[in-house]
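Take a look at the letters that make up each chain.
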Amino acid sequence: MGSWLHCSPAIQLDFCMAIIYGVFSASNLITPSVVAIVGPQLSMFASGLFYSMYIAVFIQPFPWSFYTASVFIGIAAAVLWTAQGNCLTINSDEHTIGRNSGIFWALLQSSLFFGNLYIYFAWQGKTQISESDRRTVFIALTVISLVGTVLFFLIRKPDSENVLGEDESSDDQDVEVNESAQNNMTKAVDAFKKSLKLCVTKEMLLLSITTAYTGLELTFFSGVYGTCIGAVNKFGAEEKSLIGLSGIFIGIGEILGGSLFGLLSKNNRFGRNPVVLLGILVHFTAFYLIFLNMPGDAPIAPVEGTDSSAYIKSSKEVAIFCSFLLGLGDSCFNTQLLSILGFLYSEDSAPAFAVFKFVQSICAAVAFFYSNYLLLHWQLLVMVIFGFFGTVSFFTVEWEAAAIVARGSDYRSI
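Residues numbered from 1 in each chain as written. Predicted model: local features only at pLDDT ≥ 70, side-chain atom pairs only at ≥ 80, totals over all residues. Heavy atoms only, no water.

Novice: Got a sec to walk through the overall build of the protein? Specific residues and values, please.
Specialist: Tallying secondary structure elements over the protein gives 15 helices and 0 strands in all. A burial count over the protein gives 50% of its 414 residues as buried. Excluding contacts between residues fewer than 6 apart, the proportion of contacts in the protein whose partners are at least 24 apart in sequence is 84%. Counting only carbon and sulfur atoms, one obtains 68% of the accessible surface of the protein, whose full area is about 19800 Å². (Helix = DSSP H or I, 4+ residues; strand = E, 2+ residues; numbered from the N terminus. Buried < 20%, exposed > 50% of the residue type's maximum accessible area, 1.4 Å probe, protein only. Contact = heavy atoms within 4.5 Å. Areas by Shrake-Rupley, 256 points an atom, 1.4 Å probe, with all protein chains shown as cover.)

See below:
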C-alpha cells in the first residue's frame, strides 16, 4: 500500500480515470435496460450508494479497493446519468424542460464551487495533506453523499397529464397493466434495441458531434487546465493554490450559466441556438486567451513545472478569468443538449441519455489519453475544430425540430 500511495498523483489519477471512463463508456450500452426494469428512482438510489462507497474508499485507501471501486463507480455513473435524464424528462413538459435542465445543471455543478472553496481556504498554505485532513474531508463527503442518496426517494411522481410526450388516451391504465405483466428480459431487450436504433438516427448522429465536443472540453477544464496552471513556475508560490481557485471560478461559471438559462428559457422565443452560439463564442475567447497566456508545454511539464514563456506575460488574473469562461461555456452546451434530448426523445429518454453519455465519455477518455502527449496549442486546436462542427450540427437539429413543431408533427420518439 505504501508504494502505491506515494507514487505520482498524476499516474494515480490517469489510471483511475482510465478505468472509470472505460467502464462508464461500455456500461452506457446496458443502462437503458437497467432503468427500464427497475425504474429511474431506484436506479438513482442504487447508483448513489456506489458513489458513497467510492468516496468512502479514500478514507483508508488500498490498491485493491481503490481500483475495484473505480470499476463500480463507472457502472454506477452510467446508470445514474441515464436515470437522471429519464427522471428529468418525465417530470417536465415541452414548456419546462429548458428551465428544469438549467436548474439541474446549476445544482449539479454547485459542487465545483463549494468543494473547491472549502479546499482553497482549509488547505491554504499547506504543502502536504495529512492523513487526518484527508480522512476528515472524505468522511464528511461520504455522509453528504449518503444523505443525498436517500433524498432520491423524495422526488415526486409525475402527473400523467404533465409528462413530456404523454399523449395517450384513457387506456393508460390498461397499458400500465400490460407493461407490468411484461417479462423483465423483454423490457431489457427492447430498451437495448431502442438504444441501437437511436444511435443511427440522423438527429442523434448530428448531436453526437456536439456531444463529442463536450467530452473533449470536459477533460480539458476538469483535468488539463488545472495541470497547466499548476505547472507554470512564473506564477510563483501561488501556483498550486491557483488550481483550487480555478475550480471555484469554473463552478461559478457553471452555476451562473445553468441558473441564467434556466430562468430565461421560459421566455426565450429564439430557441436553443443563441445559447449554444454564446457558448462557442465564450469558449473560443477562452481558448485564445489560454493560448496566449500559457506555455505550450504546460500540459506535459514534469513535476517540477515549466519555466517556458507564453506569447504574453503569464497572468494569474487572465488564467482565472479563463476558468470562469470555460465553466460558462460548458453550461451553455450541456443545458441545451439536456433540453433538446428531453424534448425530442421524451418517450425514449433513457436510451437517448445513454447514447449521449456513451459518446461523451468515450471522447473524454480519448482526451485524457492524448492530453499527456500533445502540446497545449494542439489540444486547443482539436477543441476548436470539434466545437465549430458541433455548433453547426446542433443548429441543424434545432432548426429541424423547430420546423416540425411549427407544422404540428410528432417529433418525440424514434
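Novice: Go over the nonpolar core with me, naming the residues and quoting the values.
Specialist: Phe220, Tyr225, Ile290, Met294, Leu326 and Leu341 are the most contacted members of the largest nonpolar core, which has 66 residues in total. In this structure, Ile19, Val57, Phe58 and Phe138 belong to the second largest nonpolar core, which totals 13 residues. (Core = buried A, V, L, I, M, F, W, Y, C linked by side-chain atoms within 4.5 Å.)

Novice: Which residues make up the UniProt feature "transmembrane region" (unreviewed entry) in the protein, and what values go with them?
Specialist: Look at the UniProt record and you will see "transmembrane region" (unreviewed entry) annotated at residues 12-30, 42-59, 66-83, 103-123, 135-155, 242-263, 275-294 and 376-397. Helix makes up 95% of residues 275-294 and strand 0%, whereas the separation of the span's terminal C-alpha atoms amounts to 28 Å. Split by type, residues 376-397 is 100% helix and 0% strand. Its first and last C-alpha atoms lie 32 Å apart. (UniProt positions renumbered as here; feature names shortened; annotations may be inferred.)

Novice: Before we move on, could you go through the confidence of the model for the protein and cite the residues and values that matter?
Specialist: When pLDDT is averaged along the protein, the result is 82; 82% of the residues meet or exceed 70. Across residues 1-6 the pLDDT falls below 50, and counting only partners more than four positions away or on other chains, this stretch makes 12 contacts in the model. (pLDDT = per-residue confidence, 0-100.)

Novice: Help me get a handle on the packing of aromatic side chains, residues and values and all.
Specialist: Under the counting rule described, the total for this entry stands at 18 aromatic pairs. Geometrically, the ring pair formed by Tyr54 and Phe58 is edge-to-face, given 5.3 Å between the ring centres and 80° between the ring planes. We note that Tyr54, like Phe58, is buried. Ring plane angle 85° and centroid distance 6.3 Å describe the contact between Phe220 and Phe287, whose orientation is recorded as edge-to-face. (Phe/Tyr/Trp six-rings, centres within 6.5 Å; stacked < 30°, edge-to-face > 60°.)

Novice: So what's going on with the pattern of salt bridges? Which residues, and what values?
Specialist: Under the criterion given, the structure shown has 4 salt bridges. In this structure, Arg134 engages Glu131 in a salt bridge whose closest nitrogen and oxygen atoms are separated by 3.8 Å. One end of the pair, Arg134, and the other, Glu131, are both in helix α7 (residues 131-150), 3 residues apart, so they sit about a helical turn from each other. A relative accessible area of 19% places Arg134 in the buried class. Between Arg135 and Glu131 there is a salt bridge, with the nearest N and O atoms lying 3.2 Å from each other. A residue pair is termed a helical-turn pair when its members lie 3 or 4 positions apart in one helix, as Arg135 and Glu131 do in helix α7 at 4 residues. Look at Glu131 and you get partly exposed, because its relative accessible area is 45%. Beyond isolated ion pairs, a larger network of salt bridges with shared partners links Glu131, Arg134 and Arg135. (Salt bridge = Lys/Arg side-chain N within 4 Å of Asp/Glu carboxyl O.)

Novice: Describe the packing of helix α5 (residues 63-90) against helix α14 (residues 349-370), and please don't skip the residues or the numbers.
Specialist: When two helices pack together, you describe them by how their axes are tilted relative to each other and by the distance separating the axes. For the pair α5 and α14, the least separation of the axes is 8 Å and the interaxial angle reads 135°. Relative to α14, the element α5 lies oblique. As α5 packs across α14, the resulting crossing turns out to be right-handed. Listed contacts from α14 to Trp81, Thr82, Gly85, Asn86 and Thr89 of α5 are Ser349, Ala350, Phe353, Ala354 and Lys357. Residue classes in the contact of α5 with α14 are distributed as 4 nonpolar, 5 polar and 1 charged. (Axes fitted to C-alpha atoms, helices over the stretch in contact; angles between N-to-C directions. Parallel < 35°, antiparallel > 145°, perpendicular 65-115°, else oblique. Left-handed = near helix turned anticlockwise from the far one by under 90°. Nonpolar A, V, L, I, M, F, W, Y, C, P; charged D, E, K, R; others polar.)

Novice: Help me get a handle on α7, residues and values and all.
Specialist: Look at α7: 29 Å from first C-alpha to last across 20 residues, which is about the 28 Å you get at 1.5 Å a residue. Residues of α7 that are buried: Asp133, Arg134, Val137, Phe138, Thr142, Ser145 and Thr149. Looking straight down α7, one finds that the buried residues subtend no more than 160° of arc, so they occupy a single side. Tucked inside the fold, the buried residues of α7 contact α4 (40-57) and α6 (97-122). (Expected span 1.5 Å × (residues − 1). Arc of directions from axis to C-beta.)

Novice: How would you explain the side chain of Thr391 if you had to name every residue and give the values?
Specialist: Checked against the element boundaries, Thr391 lands in helix α15 (residues 376-406). Beyond its immediate sequence surroundings of up to four residues, Thr391 is in contact with Val276, Ile280 and Phe333.

Novice: Go over the environment of Arg99 with me, naming the residues and quoting the values.
Specialist: Within the fold, Arg99 resides in helix α6. C-alpha separation for the pair Arg99 and Gly258, spaced 159 residues apart in sequence, amounts to 8.9 Å. Within the local environment of Arg99, its side chain forms a polar contact with the side chain of Asn100, the two groups lying 2.9 Å apart. (Polar contact = N/O pair within 3.5 Å; in protein donor to acceptor, adjacent residues only side chain to side chain.)

Novice: Break down the packing of α6 against helix α13 (residues 316-344) for me, with residues and values.
Specialist: Packing of α6 against α13 brings their axes to within 9 Å, and their N-to-C directions diverge by 135°. In terms of their interaxial angle, α6 and α13 are classed as oblique. The interaxial crossing formed by α6 with α13 has right-handed handedness. Counted together, Ile97, Gly98, Ser101, Gly102, Phe104 and Trp105 of α6 and Asp330, Ser331, Asn334, Thr335, Leu338, Ser339, Gly342 and Phe343 of α13 form the full contact between these two elements. Of the residues assigned to the contact of α6 with α13, the class counts are 5 nonpolar, 8 polar and 1 charged.

Novice: Can you explain a nonpolar patch on the surface? Please cite residues and give values.
Specialist: Taken together, Ile209, Ile300, Leu375, Trp378, Leu381, Ile385, Phe386, Phe388, Phe389 and Val392 make up a surface patch of nonpolar side chains, about 870 Å² in accessible area. Here the nonpolar patch gets 7 residues from one element, more than from any other, and that element is α15. Mapped onto the fold, Ile385 is located in helix α15. Of the residues examined, Ile385 reaches a relative accessible area of 42% and is grouped as partly exposed. (Patch = residues over 30% accessible without salt bridge, like charges linked within 9 Å, V, L, I, M, F, W, Y side chains within 5 Å.)

Novice: Can you lay out helix α12 (residues 273-293) for me, pointing to particular residues and giving the numbers?
Specialist: Between its first and last C-alpha, α12 extends 30 Å over 21 residues, near the 30 Å set by a 1.5 Å rise per residue. Of the residues making up α12, those classed as buried are Asn273, Val275, Val276, Gly279, Ile280, Val282, His283, Ala286, Phe287, Ile290, Leu292 and Asn293.

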